[in-house]
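Close look at the chain arrangement
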Amino acid sequence: MLGGAKRVAMAEQLTRAGKQLGVNVAIFSHELDAQEPIASVARVIVGKRYADPEVDAELDEIIRQHGINIVLPFVDPAIEVAARLAERHSEVFVPVSGIDISRAMFDKVEAARLFEQAGIDIPATYQPHAIAYPAILKPRTGSASRGIVVVQTPDDVEKAPLPLHQYLIQQYVAHRDEYTIDCYVGMIDSEVKCAVPRRRIATAGGEVIRTVTCRNSRLESAARHVLASLHLRGAVTLQFIHDLDADRFLLMEINPRLGGGVICSICAGADISSMIIEEAEDINALPRNDWRDGTLMTRYFKEVIFYNDSQSPDNE
């Protein structure tokens, strides 16, 4: 796991999927700090930042030393790192898209350009000299909703923390519902194994804390169009909004990795954790389209305690 940090439930799902397939799964997580919640279920390896030019060599050594078979990114800066790793290590299963698309999705301006070229519906995108109000300013390389600014007037634009060229500027849709679609595209056969829409009911710090799966043929069709148009592979998380006034679904963002709320889709029956283990074992994963509509996931806090005389965390 690259940046597993709080993804304890995902680690548990991967371990469970391995047991069902008769595969022993041992979890390692590459982190900046040893004292992360993932330490309760995984061995933490403290390493370099993903922007560090030496991180590739560091990960190569970790793979060699610990016999790593699967690599999964869980934070945006790790996605391109994982894509590069896949090109160097054919023996390691890395269910991510190619380097170019991984890099483009980390720049919201470049991503919006690709979406428009592919004929994907997105909110109107503005140039700094031609903004229609209200508008939303999104940092080009931001994540987890950090740094987003909604502007109503030119005066608001003047107060933006960053220069305008560092933002993606788009139409602000106030009357909306937000949806995430958890997808998995087979690395063996490029088949869409699942595309599960779920409505984002509540979030905190950019993380979903309450979400529910929902059958929606329009969203599922839109997701498949996006996946095929951009040649995405492996684990992919799509973010859509439903413009309630115009009754249209608009793509907001693509994260070519597992999302934090994917546990909801897995528990609904779209078992992406099993798909990953199966494909790593050279088994062509079957599509999981019989997932349960209306599966609600809500989250709570759970403490992991570290003592200064031991590296082994305790759960409370």
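As a reminder, the structure under discussion sits directly above these lines.
Below, the structure is looked at part by part. Here the residue numbers are simple positions, counted from 1 along each chain's written sequence. Predicted model: local features are reported for residues with pLDDT of at least 70 only, side-chain atom pairs are reported and counted for 80 or more only, and whole-chain, interface and lining totals are derived from all residues. By convention in this description, side-chain values take in all heavy atoms of the structure and omit both hydrogens and water.

Focus on the overall build of the protein chain
Defined as follows: In this description a helix means any DSSP run of H or I spanning at least four residues, a strand means any run of E spanning at least two, and both kinds are numbered starting from the N terminus. For this measure, only C-alpha atoms enter the radius of gyration; the expected value for a globule follows 2.2 Å times N^0.38, where N is the number of residues. Burial status follows relative accessibility: with a 1.4 Å probe on protein chains alone, a residue under 20% of its type maximum counts as buried, one over 50% as exposed, and anything between as partly exposed. In this description, contact between two residues means that some pair of their heavy atoms is separated by no more than 4.5 Å. In these tables, accessible area is a Shrake-Rupley quantity obtained with a 1.4 Å probe, and a residue counts as shielded only by the protein chains included in the view. Two residue types count as positive, namely Lys and Arg, and two as negative, namely Asp and Glu; His and chain ends fall outside the count. Charge placement uses NZ in Lys and CZ in Arg. For Asp and Glu, CG and CD serve respectively.
Counting secondary structure elements, the protein chain contains 9 helices and 13 strands. A compact globule built from 316 residues would reach a C-alpha radius of gyration of about 20 Å, and the protein chain, at 20 Å, matches this within 12%. Expressed along its principal axes, the backbone C-alpha trace of the protein chain runs to roughly 55 × 45 × 40 Å. Expressed as a percentage of the 316 residues in the protein chain, the buried residues total 49%. A sequence separation of at least 24 residues applies to 61% of the contacts in the protein chain between residues at least 6 apart. On the protein chain, roughly 15300 Å² of surface is accessible, and the fraction owed to carbon and sulfur atoms is 48%. For the protein chain, the distance from the average position of its 33 positive side-chain charges to the average position of its 44 negative side-chain charges is 2 Å.

What to know about the packing of helix α2 (residues 55-66) against helix α3 (residues 77-88)
Condition: To get an axis, fit a line to the C-alpha atoms, keeping to the stretch in contact for a helix; angles then go from 0 to 180 degrees between the N-to-C directions. In this scheme, roughly parallel covers angles under 35 degrees and roughly antiparallel covers those over 145, while 65 to 115 is roughly perpendicular and the rest are oblique. Left-handed describes a crossing whose near helix is turned anticlockwise from the far helix through less than a right angle; right-handed describes the clockwise counterpart.
Put simply, α2 and α3 touch, their axes get as near as 11 Å, and they point 55° apart. Classified by the angle between their axes, α2 and α3 sit oblique to one another. Between α2 and α3 lies a crossing of right-handed hand. Between α2 and α3, the contacting residues are V55, D56, L59, D60 and I63 on the first element and V81, R84, L85 and R88 on the second.

A closer look at the sheet that holds strand β4 (residues 149-151)
Operational definition: Two strands form a pair only when DSSP identifies at least two bridges running between them.
In space, the 3 strands of this open sheet follow the order β4-β3-β5, with antiparallel pairing throughout. Of all the strands in the sheet, just β4 and β5 (167-171) have a single pairing partner and so form its edges. For this sheet, the mean angle separating the axes of adjacent strands, direction not counted, is 25°. Bridging between strand β3 (residues 135-139) and β4 involves 3 bridges; their strand directions are antiparallel. Looking at β4, one finds that L137 is bridged to V149. Relative to β5, helix α5 (residues 108-117) is tilted by about 45°, and along the sheet it contacts β3 and β5.

Looking at the packing of aromatic side chains
The geometry of an aromatic ring pair is captured by two quantities: the separation of the ring centres and the angle between the planes. Convention followed: Here a pair means two rings of Phe, Tyr or Trp (six-membered ring of Trp) with centres within 6.5 Å. Their orientation is stacked below 30 degrees between planes, edge-to-face above 60, and tilted elsewhere. We call a charge positioned above a ring when the Lys NZ or Arg CZ atom is no farther than 6 Å from the ring centre and deviates by at most 35 degrees from the ring normal.
Taken as a whole and judged by the stated rule, the model has 1 aromatic pair. Ring geometry for Y179 versus F249: centroids 6.0 Å apart, planes at 70°, classification edge-to-face. Taken together, the positions of Y179 in strand β6 (residues 176-185) and F249 in strand β10 (residues 248-255) put the pair 70 residues apart, joining distant regions of the chain. With respect to burial, Y179 and F249 carry one shared label: buried. Across the ring face of W291, the terminal group of R215 is positioned such that the distance to the ring centre comes to 3.7 Å.

Structural notes on the side chain of R257
Short version of the rule: Distance and chemistry together define a polar contact, namely a pair of N or O atoms within 3.5 Å, with one atom able to donate a hydrogen and the other to accept it when in protein, and with adjacent residues in sequence counting only for side-chain atoms on both sides.
Examined against the element boundaries, R257 turns out to sit in the loop between β10 and α8 (262-268). A distance of 3.4 Å separates a polar side-chain atom of R257 from the backbone oxygen of F74. One polar contact links R257 to D76, side chain to side chain, over a distance of 2.8 Å. Among residues more than four places away in sequence, those in contact with R257 are P73, F74, V75, D76, I79, A235, V236 and T237.

Concerning the sheet that holds strand β7 (residues 192-204)
Reading across the sheet, the 6 strands line up as β10-β9-β6-β7-β8-β11 and stay open at both edges, with antiparallel pairing between neighbours. Strands with a single pairing partner mark the edges of an open sheet, and in this sheet they are β10 and β11 (296-298). Each strand axis lies, on average, 30° off the axis of its neighbour in the sheet, ignoring direction. Here β6 runs beside strand β9 (residues 234-243); their pairing, made up of 10 bridges, is antiparallel.

Some thoughts on the nonpolar core
Threshold: Grouping buried Ala, Val, Leu, Ile, Met, Phe, Trp, Tyr and Cys residues that are joined through side-chain atoms within 4.5 Å yields what is termed a nonpolar core.
Counting 34 residues, the largest nonpolar core has M10, Y184, L258, I272 and I276 as the members making the most contacts within it. Looking at this core, the elements with two or more residues in it are α1 (8-21), β7, α8 and α9 (272-280). Not counting residues within four places of it along the chain, the set of residues in contact with I276 comprises L14, I70, L72, F93, Y184 and L258. A112, I120, V236 and F240 belong to the second largest nonpolar core, which has 29 residues in total.

Quick word on the pairing of β9
Of all 10 residues that make up β9, 10 are buried, and the element is covered over most of its length. The pairing of β9 with β10 spans 7 bridges and is classified as antiparallel. Paired with L238 across the bridge in β10 is I254. Following β9, the chain reverses through 4 residues before pairing antiparallel with β10; D247 in that reversal takes a positive phi of roughly 50°.

Quick notes on the side chain of E80
Here E80 is to be found in helix α3. Here E80 is in contact with I99, S102 and R103, once residues within four sequence places are set aside.

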